[in-house]
Amino acid sequence: NLEQNYPNPFNPVTKIKYSLAKSSFVTMKIYDIPGNEIAVLVNETKSAGEYYAEWNAEGFPSGVYFYRMIVDGQMFQKKMVLIK
């Protein structure tokens, strides 16, 4: 399960809550509007449970960004807004 980041809009730090039903390899990445990968927040095996990933967007321009999580071949994606 991938939840909406908080706060949203944010400046410059936000947290993203996600949960896993079983131990899985997780990747979570941040993308800009054109689809360029700009950050990797998670790239490892995690046990079942709830987690938070934090993104510090210091140095990035205001705008819309997407965070994408892939777990066991399933993709989950949500939108967030950085306002400076």
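Refer to the structure above for everything that follows.
Description of the structure in this document. Every chain is numbered independently, its residues counted from 1 as its sequence is written. pLDDT decides what is reported in this predicted model: residues at 70 or higher carry local features, side-chain atom pairs at 80 or more are listed and counted, and totals for whole chains, interfaces and linings draw on all residues regardless. Heavy atoms from the whole structure form the basis of all side-chain values; hydrogens and water molecules are not counted.

A pair of strands is considered paired only if DSSP assigns at least 2 bridges between the two. Put simply, DSSP marks the helices as runs of H or I at least four residues long and the strands as runs of E at least two long, and each gets a number from the N terminus on. Here 4 strands make up an open sheet; going across it, the order is β3-β2-β5-β6 and the pairing antiparallel. At either margin of the open sheet sits one strand with a lone partner, and together these are β3 (37-46) and β6 (74-82). Across this sheet, the average inter-strand angle for adjacent strands is 15°, counted without regard to direction. The pairing of strand β2 (residues 24-32) with β3 spans 8 bridges and is classified as antiparallel. All axes here are fitted lines through C-alpha atoms, helices being fitted over the stretch that makes contact, and every angle between N-to-C directions spans 0 to 180 degrees.

Burial status follows relative accessibility: with a 1.4 Å probe on protein chains alone, a residue under 20% of its type maximum counts as buried, one over 50% as exposed, and anything between as partly exposed. The element β2 is extensively covered by neighbouring structure, given that 7 of its 9 residues are classed as buried. Hairpin remark: β2 followed by β3, antiparallel, with 4 residues in the connecting loop; positive phi at Gly35, about 95°. Note that β2 and strand β5 (residues 63-71) share 7 bridges and pair antiparallel. Within the sheet, the bridge partner assigned to Ile30 lies in β5 and is Tyr67.

Turning next to unusual backbone geometry. At the junction of Asn8 and Pro9, the peptide bond is cis and its omega measures out at 5° in the coordinates. By the secondary structure assignment, Pro9 is in the segment before β1 (13-20). At Asp72, a position not held by glycine, the phi torsion is positive, near 50°. Position of Asp72 relative to the elements: it lies in the loop between β5 and β6. Take Asp72: its relative accessible area is 48%, and that puts it in the partly exposed class.

Here we take up the packing of aromatic side chains. Ring geometry is summarised as follows: Phe, Tyr and Trp rings, the Trp one being its six-membered ring, pair when their centres sit within 6.5 Å, and such pairs are stacked at plane angles under 30 degrees, edge-to-face over 60 and tilted between the two. Scanning all chains against the criterion turns up 5 aromatic pairs. An angle of 50° between the planes, with centres 5.4 Å apart, marks the rings of Trp55 and Phe60 as tilted. Under the relative-accessibility criterion, Phe60 is labelled partly exposed at 24%. Relative to Tyr65, the ring of Phe60 has its centre 6.4 Å away and its plane inclined at 80°; by these criteria the two rings are edge-to-face. What makes Tyr65 buried here is its relative accessible area of 4%. Aromatic rings pair up to connect Phe10, Trp55, Phe60 and Tyr65 into one cluster.

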